[in-house]
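Per-entry structural report
As a plain string of letters, each chain reads:
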Amino acid sequence: MGSGREVAVFGAYGHTGRFVVAELLDRGFVPVLSGRDAGKLKALAESSESLAGPATRPASVDDPAALDRALTGTAAVVNCAGPFATTAAPVIEAALRAGIPYVDVAAEIEANADTFARFADRARASGAVIVPAMAFYGGLGDLLATAAMGDWTTADEAHIAYGLSGWHPTAGTRAAGAVSHQRRDGGRVRYRNGRLEHHRDELPTLDWPFPEPMGSRPVVGEFTMADVVTLPSHLAVPDVRTYMSVEAARDLAAPGTPEPTAVDARGRSAQTFLVDVVVRSGGSERRATASGQDIYAVTAPLVVEAVDRILGGRTRTVGVASAGALFDAPDFLRALSPHITLEPRP
């Protein structure tokens, strides 16, 4: 448990940031609320008796001194503020200056790749821990694939299929998508033959055999997510493919799709998900799946479990590392059992 340790949350008043703040409180941490909008920080701190007392420390990514003040005395920082192409590097620099771990919830492929490329050597040399994409996209798939690999040291291919009942994207998701679209000049990205490549091919639609009760349903192939950065960062798998249920892909593409609406006391939406991971080597295949409710809400236990394990020394390496490289994947997934259902149980 958190034992009263302070954890800074940059972008605390955003949709995912609020879930992370609530989860930190539930786990016994003291969240330090940060972000560029002082008014929103104050409103969040005053919105609940549970939040009475946590420090609010406004900061923006173009003000290193303010970021340093925001992280003073904290044990770790969680970055929930996208687009991460803009926020990740400045907040990581502040974390390195403060000598504390950095964890973010970035789903942006290029931003995550930038974090590995830019900070790997420095973080390893200083013994720092930097964890990009510790979220539903990038983190959960990586943990499932790592658990499915088991004693395999290599595999020919990994497939991550996202069976979402729908997808009501937040404003942050749309903003991040716009940045990625611009960086790709309107093209697309995929992971083939051990490297990221850009392409302009049309995305195919195919049927994916999800486990019951979901069953087979159409998905958009080559719907590339952050898993193409996290998995290859530590798994010897030259071909990583991700897929998205047609319903969710259509919701995301439609400009009029509303943001998520809470349906329970925890603020979760009615959205359900099933993440189906298949790794193949030669003629053998291994599988792991996770199901649950609300992709944004489930990011909170993922990222807070990561913070708890980092601060407790339950890690396997230092430097820039994805979830599967840093943690005991089966054990980590078991710890998420209040929030997700796993098959097979690792």
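Residues numbered from 1 in each chain as written. Predicted model: local features only at pLDDT ≥ 70, side-chain atom pairs only at ≥ 80, totals over all residues. Heavy atoms only, no water.

Considerations on the layout of surface pockets
A water-sized probe, rolled over the atoms, reveals where empty space remains. Empty space within the second largest pocket amounts to approximately 420 Å³. Every residue lining the second largest pocket is counted, 21 residues in all, and those nearest its centre are Arg-18, Phe-19, Ala-22, Glu-23 and Arg-266. Taken together, the elements giving at least two residues each to the lining of the second largest pocket come down to α1 (15–26) and α10 (295–311). A total of 8 residues in the lining of the second largest pocket trace back to one element, the largest contributor, which is α1. Broken down by class, the residue content of the lining of the second largest pocket amounts to 10 nonpolar, 6 polar and 5 charged. (1 Å grid on protein atoms, 1.4 Å probe; cavity = no way out; pocket = protein on both sides within 12 Å on 5 of 7 lines; lining within 4 Å. Points joined across faces, edges and corners; volume = space filled by probe spheres on them. Helix = DSSP H or I, 4+ residues; strand = E, 2+ residues; numbered from the N terminus. Nonpolar A, V, L, I, M, F, W, Y, C, P; charged D, E, K, R; others polar.)

Comments concerning the sheet that holds strand β2 (residues 30–35)
If you walk across this open sheet you meet the 7 strands as β3-β2-β1-β4-β5-β6-β15, and the pairing is parallel. Every interior strand has two partners, whereas the edge strands, β3 (56–58) and β15 (319–320), have only one. In terms of strand pairing, strand β6 (residues 129–131) meets β15 through 2 bridges, oriented parallel. Each residue of the ladder has a partner; that of Val-129, found in β15, is Gly-319. (Pairing = 2+ DSSP bridges.)

Quick look at the packing of aromatic side chains
Centre-to-centre distance and the angle between the planes together describe a pair of aromatic rings. Scanning the model with the defined rule gives 7 aromatic pairs in all. Aromatic pair Phe-136 and Phe-273: ring centres 4.9 Å apart, planes at 65°, arrangement edge-to-face. Of this pair, Phe-136 sits in helix α6 (residues 136–149) while Phe-273 is found in strand β13 (residues 272–281), placing the two residues 137 residues apart along the sequence. The pair formed by Phe-136 and Phe-273 is uniform in burial state, with each residue classed as buried. A connected cluster of aromatic rings, assembled from ring pairs, spans Phe-136, Tyr-137, Tyr-162, Trp-167 and Phe-273. (Phe/Tyr/Trp six-rings, centres within 6.5 Å; stacked < 30°, edge-to-face > 60°. Buried < 20%, exposed > 50% of the residue type's maximum accessible area, 1.4 Å probe, protein only.)

Digging into the pattern of salt bridges
Applying the stated criterion across every chain yields a total of 27 salt bridges. A salt bridge links Arg-124 to Asp-121, with the nearest nitrogen and oxygen atoms 3.3 Å apart. With a gap of 3 residues between them, Arg-124 and Asp-121 both fall in helix α5 (residues 109–126), about one helical turn apart. Look at Asp-121 and you get exposed, because its relative accessible area is 59%. Of the charged contacts in the structure, one is a salt bridge between Asp-328 and Arg-316, with a shortest N-O distance of 3.8 Å. With Asp-328 in the loop between α11 (323–326) and α12 (329–335) and Arg-316 in the loop between α10 and β15, this pair connects stretches of sequence that are 12 residues apart. By relative accessible area, Arg-316 is classed as exposed at 58%. In the salt-bridge network here, residues are joined through shared partners; they are Arg-5, Arg-27, Glu-305, Asp-308, Arg-309, Arg-314, Asp-331 and Arg-334. (Salt bridge = Lys/Arg side-chain N within 4 Å of Asp/Glu carboxyl O.)

Description of the packing of helix α3 (residues 64–71) against helix α4 (residues 84–98)
Remark: α3 packs on α4, axes separated minimally by 9 Å, with the N-to-C direction vectors making an angle of 55°. As summarised for this structure, α3 and α4 are arranged oblique, according to the angle between their axes. Both α3 and α4 take part in a crossing whose hand is right-handed. Contact residues: α3 offers Pro-64, Leu-67, Asp-68 and Leu-71, while α4 offers Pro-90, Val-91, Ala-94, Ala-95, Arg-97 and Ala-98. (Axes fitted to C-alpha atoms, helices over the stretch in contact; angles between N-to-C directions. Parallel < 35°, antiparallel > 145°, perpendicular 65-115°, else oblique. Left-handed = near helix turned anticlockwise from the far one by under 90°. Contact = heavy atoms within 4.5 Å.)

In short, the description is geometric, and any link to function would need to be established separately.
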